[in-house]
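Structural description and commentary
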Amino acid sequence: SLKGHLALVTGSTSGIGLGIATSLADAGANLAINGFGPDEEIQKILGSLRAKNVKAEFVSFDVSDAEKVEEGIKKAKEIFGQPVDILVNNAGIQFTSPTEDFPVEKFDQIIKINMSSNFYAIKAVLPDMKAQNWGRIINISSAHGKVASANKIAYVAAKHGVLGMTKVVALETAKTGITCNAICPGWVLTPLVETQIRKRAAENETFEVEKKKLLEEKQPSGDFVKIEDLGAMVVFLCSEAGANIRGSDFSMDGGWTAQ
Ligand code: NAD
């Protein structure tokens, strides 16, 4: 059980992050929720987590702002009266365009939100993790951390970078009770992917047809990866059985990167 631990999941007001937060709460961890969204939605999320008999609070910060990340992590420690000892770097965005038309501001924003944010948060949690000689850092990379797709220059660069960072932190913490690993999901049906399907559907066929085509192009299983399965992997990596998994990346991609 993860009872007594405090998990911070960035970008946990939606999609994969929300699912991971739910799995961690089911395992008994207290939860610091982060991300954007309407107040009532966030209150609903906190309510459903608290119903699992864990503490849950919203810690609002933009992961792309190093100072705000540091402040947010300090604030979480104050609110809960304990430091974050499980960090899941999950917040991320997508933007697609051929490279020659890719706006420079979009590129910089994606690098910050999807990659630099991991560094900011890891830097901020490490001192307390080292002090208690226990910690779990899990970075949500992507199949795009290992292979590329056209029109995703910023996302692919950021997700590859996350895997590099994961290994560095794993080496620096190798003799401690802190581990750092990454998960590389394939297609998961979340708002981030629904937006891409809608964009394709606007230019091509119906949403349902484009959804099927999207899977057929990349994911041999022909099915989306389940959010609960990603949550279960995070809980496993947090368990004592995960104590010597260091600097690894786990593909959960329906066979995408086996090709
Ligand atoms: P989503 O759009 O459903 O959720 C993204 C979350 O991040 C939201 O809670 C949003 O509020 C938050 N967020 C965005 N920008 C933020 C910022 N600047 N500061 C703080 N929070 C911010 O997306 P998702 O599909 O659940 O994606 C979650 C992660 O999983 C991302 O890193 C994504 O790249 C990765 N991923 C997703 C898929 C997929 O198929 N959905 C596949 C591989 C990897």
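Predicted, not measured: the structure shown is a model, and the values here were computed from it. (Residues numbered from 1 in each chain as written. Predicted model: local features only at pLDDT ≥ 70, side-chain atom pairs only at ≥ 80, totals over all residues. Heavy atoms only, no water.)

Notes on the nonpolar core
One finds I20, L24, L31, V88, I138, I183 and V234 to be the most contacted residues of the largest nonpolar core, which totals 33 residues. Filtering out sequence-adjacent residues up to four positions away, L31 remains in contact with L6, A7, V9, A21, L24, A25, L49, K55, A56, E57 and F80. Counting residues in hydrophobic clusters, the runner-up holds 25 residues, among them I122, M129, I137 and A170. (Core = buried A, V, L, I, M, F, W, Y, C linked by side-chain atoms within 4.5 Å. Buried < 20%, exposed > 50% of the residue type's maximum accessible area, 1.4 Å probe, protein only. Contact = heavy atoms within 4.5 Å.)

Digging into the site of the ligand
Close contacts around the ligand come from 30 residues, with S14, N90, Y155, V188 and T190 the closest. Here a nitrogen atom of the ligand and a backbone polar atom of V63 are 3.0 Å apart. One nitrogen or oxygen atom from the side chain of T190 is found 2.4 Å from an oxygen atom belonging to the ligand. Starting from 830 Å² of accessible surface for the ligand in isolation, the protein chains cover 93%. Among the secondary structure elements, those contributing two or more residues to the shell around the ligand are helix 1 (15–26), helix 5 (153–172) and helix 6 (191–203). Examining the composition of the shell around the ligand, we find that three residues originate from one element, helix 6, more than from any other. In terms of residue class, the shell around the ligand is made up of 15 nonpolar, 13 polar and two charged. (Near = heavy atom within 4 Å. Polar contact = N/O pair within 3.5 Å; in protein donor to acceptor, adjacent residues only side chain to side chain. Areas by Shrake-Rupley, 256 points an atom, 1.4 Å probe, with all protein chains shown as cover. Helix = DSSP H or I, 4+ residues; strand = E, 2+ residues; numbered from the N terminus. Nonpolar A, V, L, I, M, F, W, Y, C, P; charged D, E, K, R; others polar.)

With respect to the sheet that holds strand 1 (residues 6–9)
Pairing is parallel across the open sheet formed by seven strands, whose spatial order is 3-2-1-4-5-6-7. Unpaired on one side and paired on the other, strand 3 (56–58) and strand 7 (249–252) mark the two borders of the sheet. Adjacent strand axes in the sheet meet at a mean angle of 15 degrees when their direction is disregarded. Note: strand 1 against strand 4 (residues 86–89), three bridges, orientation parallel. Bridge pairing links A7 to I86 in strand 4. Where helix 1 meets the sheet, its contacts fall on strand 1, strand 2 (30–33), strand 4 and strand 5 (135–140), and the angle it forms with strand 1 comes to roughly 170 degrees. (Pairing = 2+ DSSP bridges. Axes fitted to C-alpha atoms, helices over the stretch in contact; angles between N-to-C directions.)

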